[in-house]
Amino acid sequence: YSSKDLHGIELIDSYVFNQVENIRFNSTVGKYVGYTEVGLKNAETWNKGSELARELGQLERFCKHNADIHYSAVLDKTGEQG
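Below or above, wherever it landed, is the structure these notes cover. (Residues numbered from 1 in each chain as written. Predicted model: local features only at pLDDT ≥ 70, side-chain atom pairs only at ≥ 80, totals over all residues. Heavy atoms only, no water.)

### Topic: helix 1 (residues 37–48)
Within an α-helix, residues lying three or four positions from one another point in the same direction, as the helix has 3.6 residues per turn.
Point 1. In a regular helix each residue adds 1.5 Å, so 12 residues correspond to 16 Å; helix 1 covers 17 Å between its end C-alpha atoms and thus fits that length.
Point 2. Within the span of helix 1, buried status applies to Gly39, Ala43 and Trp46. Looking down the long axis of helix 1, one finds its buried residues gathered within 75° of arc, a one-sided arrangement. Relative to its buried face, helix 1 has exposed residues pointing more than 90 degrees away, namely Glu37, Val38, Leu40, Lys41, Thr45 and Lys48. (Helix = DSSP H or I, 4+ residues; strand = E, 2+ residues; numbered from the N terminus. Expected span 1.5 Å × (residues − 1). Buried < 20%, exposed > 50% of the residue type's maximum accessible area, 1.4 Å probe, protein only. Arc of directions from axis to C-beta.)

### Digging into the pattern of salt bridges
Point 1. Under the criterion given, the structure shown has three salt bridges.
Point 2. With a shortest N-O distance of 2.8 Å, arginine 24 and glutamate 21 are connected by a salt bridge.
Point 3. For glutamate 21, a relative accessible area of 22% puts it in the partly exposed group.
Point 4. Note that glutamate 44 is salt-bridged to lysine 48, the shortest N-O span being 3.5 Å. Of the two residues, glutamate 44 and lysine 48 both sit in helix 1, four residues apart, roughly one turn of that helix. (Salt bridge = Lys/Arg side-chain N within 4 Å of Asp/Glu carboxyl O.)

This is the structure we're talking about:
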């Protein structure tokens, strides 16, 4: 994200096995994307099930909440002397 209103915040959740990314959720895309044969099958299944709703909820529940805390704790204090 690039502003305090958290408008452009993005959640990326990657699943990697043996240094190969199999599947990724990107909140900007709004769904899971598979990169391997197994990842493609999982993405298709996860996009139809409750996993997608759960992942979309994480953006609001976890990311935006914690980003706001970190923004206030760090970025608002830049330039302070002490």
